[in-house]
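# Results of the structural survey
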Amino acid sequence: MATRGWSSTAPLGEFRTYLPAEAKVAEFSWRAIILGIFAGLFFGAVTVYVGLRAGLTVSASIPIAVLSISILRAFGKSTVLENNIVQTTGSAGESIAGGVIFTLPALIFLGYPLEYWGVFFLSLVGGWLGVLMMIPLRRQLIVKEHGNLTYPEGTACADVLVAGDRGGSFASKVFWGLGLGGAYALLMETFGFWPDTPRYDPKWLPGASFQANITPEYIGVGYIIGPRIAGFLLAGGVFSWLVMMPAIRFFGSLAPHLALYPSTVPIPQMTPGQLWASYIRPMGAGAVAAAGVITLARTMPTIVAALRAGLKNVRAGREGTPVVSSRTERDLSMKIVIFGSLAVVVMMWVLLTFRPIPGAETTLGANLLAAVFVVVFGFLFVTVSSRIVGLIGSSSNPISGMAIATLMATCAVFLMAGWTKQNYAALALTIGGVVCIAAANAGGTSQDLKTGFLVGATPWKQQVALMIGVMASVIAVGGTLKLMNVGLAQYKPMEMAIDLQQLPSGVSVEKQSYDFNHKSYVLLNALGSPVIPDGKYLYDPAARKIEIQWIQGIGSEKAAAPQARLMATVINGILARRLPWRLVLLGVFLVVVVELLGIRSLPFAVGSYLSIATTATIFAGGAVRWLAERGRKPESGSESEINSGSLFASGLIAGGGIFGLFGIVVALLEDPEFRYHIWRPVTFDVGPKLLPSLSASPWFALVMFFLLLAAQFAFGRKKMN
């Protein structure tokens, strides 16, 4: 029997869970777990795709809950606790993906391969660590701090579940977004009916570029984060692309034949894309690093309070706690937490010792120290992450700042120990990556446990569902990373004569024999070289020159991965002491100026790093939300997360993401160089054949884009049923 007059925001003394502890209803059912696993796989893949391209993620709990209510209802009567298990299991995919994309792609920038199984096991260890560390903290942070820590996404998700249990139906909005976003992405990216990035490079402002990557997922992201944050992102993009790049081009024209480090091409000969890659990205990395540190410093009171609460919980555990008999108060045993943490240490040591990153083998002692660091930093930042998301929500959780702090501390220890070779850079990234994944998943876990507390779920069943969700989602996360890195890669012809016996500083041989186009090359990797831009190159030993630049998918303009680039910059700067420091410091002081103006620096810094093609489209989504909500009173419910516009936007993100991945798969299967190509005689690029004039027209592309914006606006104006 549900509690009458239930309210998710009632004070702790007056609060009653939606279902009382005595209620006996279906909860941990097979259909709930299976549906949750599929949701985790789906949203894990979509989050990787959108996060690598846009540089930020959005919560998946509410769309998963909405879809669960509709799907389970179609298969017969479902309970609010079953739907809660579905969203708990499924949301692990989004949390894990968020932590992974912020760190592990940095392996590519450090010159190491991105192996599927390496990503799989590191994600699994980090995800499980985040769940384990939250078990002893649940009663203190979720229950006793009710009213002080609101956990906004968790509270909003509970409101959705309760409304669905009472007969409300929201799924049609998500399905409309999924259908329109998917059809739009399919026609644009797979069939090529219109260009995906209309652009204009003004001759009256050399070095500048106006462009927009008009994908449905960016519209959805912009709508959900709102006009304010979207405006900060665009402001950063405008500064980089319409102020700094024209300024670089203007002053660079004074030296028409001189290449300035880190570029190897004279500035007057550079395209806007080359200016962005060579000069703006290092500056943007410095800006993101400074903004992350400032954000972390700003949350120091919260961090100190979280650590005190964590230590208090540990002392309480030593003194012994009474046996809990109520269904809604039973957590997994502390023995599982202790032995699980020891298992994490062993798993990390075994992974680093017996299956290290290729070319990054380290000593047994260093591997053991790394495993211990993971658990110590993991507990610290899991506690911090949980408390922060309780105050300001998962979207504002500075997990990249926590990862930077972990990397700086780890690299400082390595520096004192004399471990400065490149293989220790990969080890430092492994530690930071696992801790970042644990912190990200702890934030998501906290929101899920808050939802469960509000609706009257069984905590230990949620914790088991979270462990299952982690196991399932890491399958999709690693696969999507690998797919995007391969599918978005480009091979560009170039000529540069170098001596293989005396390679320039920062250039190393990665592979003695690499086959491409039925020809054998030497694969070179450049990192921090004053002669060759960072990246991978195919060297012809017979001609004694580089013939092809291999631009990997992750790190390209289509998947910039700004946070991961930042992690590589921090590690390389401390251990190898190879950084374009003047550009990095420009970014640092830019953030200082922005903070002095009273503007939130982190979204501005991320926007200064990303391509303006990304930030412009995100801003368009935010502007549509501003227009849709003008003159309207907020709808009843928790915050404004639950409304027709945000549900439609969630569908756009899911539809655009999944069909964007489908487009990458199709392109790979058409590529004769891909190992598993099967569609070489067939092409899906039918748009240029059927509509040759329109398919190349940027104006037609903008018309289609504004039609999709109009659909988002129409749903934003609708009231919830």
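For the structure, see preceding data.
Residues numbered from 1 in each chain as written. Predicted model: local features only at pLDDT ≥ 70, side-chain atom pairs only at ≥ 80, totals over all residues. Heavy atoms only, no water.

### Digging into the pairing of strand 7 (residues 545-551)
Bridging between strand 3 (residues 490-497) and strand 7 involves six bridges; their strand directions are antiparallel. Counted as the bridge partner of M496 is I546 from strand 7. Sheet topology note: the strand 6 (residues 535-540)/strand 7 ladder contains five bridges and is antiparallel. When the bridges of strand 7 are listed, K536 appears paired with W550. The hairpin formed by strand 6 and strand 7 contains four residues between the paired strands, and R544 there has a positive phi angle of roughly 60°. (Pairing = 2+ DSSP bridges. Helix = DSSP H or I, 4+ residues; strand = E, 2+ residues; numbered from the N terminus.)

### Quick look at the side chain of S240
Among the secondary structure elements, S240 is positioned in helix 9 (residues 216-252). Once you skip the residues sitting within four places of it in the chain, S240 turns out to touch M245, I280, M283 and S608. (Contact = heavy atoms within 4.5 Å.)

### Quick look at the packing of aromatic side chains
For the structure on display, the rule yields 25 aromatic pairs. Taken together, a centroid distance of 6.2 Å and an interplanar angle of 35° make the contact between W241 and W276 tilted. Linking W241 in helix 9 with W276 in helix 10 (residues 272-298), this pair joins segments that are 35 residues apart in sequence. On the basis of relative accessibility, which here comes to 0%, the residue W241 falls in the buried class. Taking 5.3 Å as the distance between ring centres and 65° as the angle between the ring planes, the aromatic pair formed by F414 and W419 counts as edge-to-face. Put simply, the rings of Y116, W117, F120 and F121 touch in pairs and so form one group of aromatic residues. In this arrangement the basic side chain of R281 is found over the ring face of W276, its NZ or CZ atom lying 4.9 Å from the centre. (Phe/Tyr/Trp six-rings, centres within 6.5 Å; stacked < 30°, edge-to-face > 60°. Buried < 20%, exposed > 50% of the residue type's maximum accessible area, 1.4 Å probe, protein only. Lys NZ or Arg CZ within 6 Å of the ring centre and 35° of its normal.)

### Structural notes on the packing of helix 3 (residues 80-103) against helix 7 (residues 152-165)
Contact geometry of helix 3 with helix 7 gives a least axis separation of 9 Å together with a crossing angle of 140°. By the angle class used here, helix 3 and helix 7 are oblique. Two packed elements cross with a definite hand, and for helix 3 against helix 7 that hand is right-handed. Contact residues: helix 3 offers V80, N83, N84 and Q87, while helix 7 offers C157, L161, V162 and D165. Per-class residue counts for the contact of helix 3 with helix 7 are four nonpolar, three polar and one charged. (Axes fitted to C-alpha atoms, helices over the stretch in contact; angles between N-to-C directions. Parallel < 35°, antiparallel > 145°, perpendicular 65-115°, else oblique. Left-handed = near helix turned anticlockwise from the far one by under 90°. Nonpolar A, V, L, I, M, F, W, Y, C, P; charged D, E, K, R; others polar.)

### As for the environment of F453
Turning to its location among the elements, F453 is positioned in helix 15 (residues 422-455). Separated by 434 residues in sequence, F453 and L19 place their C-alpha atoms 9.8 Å apart. Residue contacts for F453: discarding those within four places in its chain leaves F15, T17, I142, V143 and H146.

### Observations regarding the nonpolar core
Within the largest apolar cluster, 187 residues are counted, with the highest numbers of intra-cluster contacts made by L52 and M484. Of the residues forming this core, the biggest block, 19 residues, is contributed by helix 15. One finds V507, V522, L524 and A526 within the second-largest nonpolar core, a separate group that totals ten residues. (Core = buried A, V, L, I, M, F, W, Y, C linked by side-chain atoms within 4.5 Å.)

### Describing unusual backbone geometry
Phi angles above zero are rare outside glycine, and N517 is one such case at about 55°. Among the structural elements, N517 can be located in the loop between strand 4 (507-516) and strand 5 (519-526). We note that H518 has phi near 60°; this positive angle belongs to a residue other than glycine. Counting through the fold element by element, H518 comes out in the loop between strand 4 and strand 5.

### Considerations on the sheet that holds strand 6
As summarised here, the arrangement of the five strands in space is 3-7-6-5-4, forming an open sheet in which the pairing is antiparallel. Both edges of this open sheet fall to strand 3 and strand 4, since each of them pairs with a single strand only. On average, each strand axis in the sheet is tilted by 30° relative to the strand beside it, whichever way the strands run.

### Side note on the pairing of strand 4
Alignment of strand 4 against strand 5, held across seven bridges, turns out to be antiparallel. Bridge pairing links K511 to L523 in strand 5. Turn length for the strand 4-strand 5 hairpin, with the two strands adjacent in sequence and antiparallel, is two residues, and the turn residue N517 shows positive phi of about 55°.

### Things to note about the environment of A412
As for its placement among the helices and strands, A412 is situated in helix 14 (residues 399-417). Since its relative accessible area comes to 33%, A412 is described here as partly exposed. Between the C-alpha atom of A412 and that of I571, which follows or precedes it by 159 residues, the distance is 9.9 Å.

### Focus on a nonpolar patch on the surface
On the surface, a cluster of nonpolar side chains totalling about 530 Å² of accessible area is made up of W581, L585, F589, V592 and L596. Structurally, the position occupied by V592 is in helix 18 (residues 581-596). We classify V592 as partly exposed; its relative accessible area is 36%. (Patch = residues over 30% accessible without salt bridge, like charges linked within 9 Å, V, L, I, M, F, W, Y side chains within 5 Å. Areas by Shrake-Rupley, 256 points an atom, 1.4 Å probe, with all protein chains shown as cover. Salt bridge = Lys/Arg side-chain N within 4 Å of Asp/Glu carboxyl O.)

### Digging into helix 5 (residues 116-134)
Here helix 5 spans 27 Å end to end across 19 residues, near enough to the 27 Å set by a 1.5 Å rise per residue. Summarising burial for helix 5: 15 of the 19 residues are buried, a large majority. (Expected span 1.5 Å × (residues − 1).)

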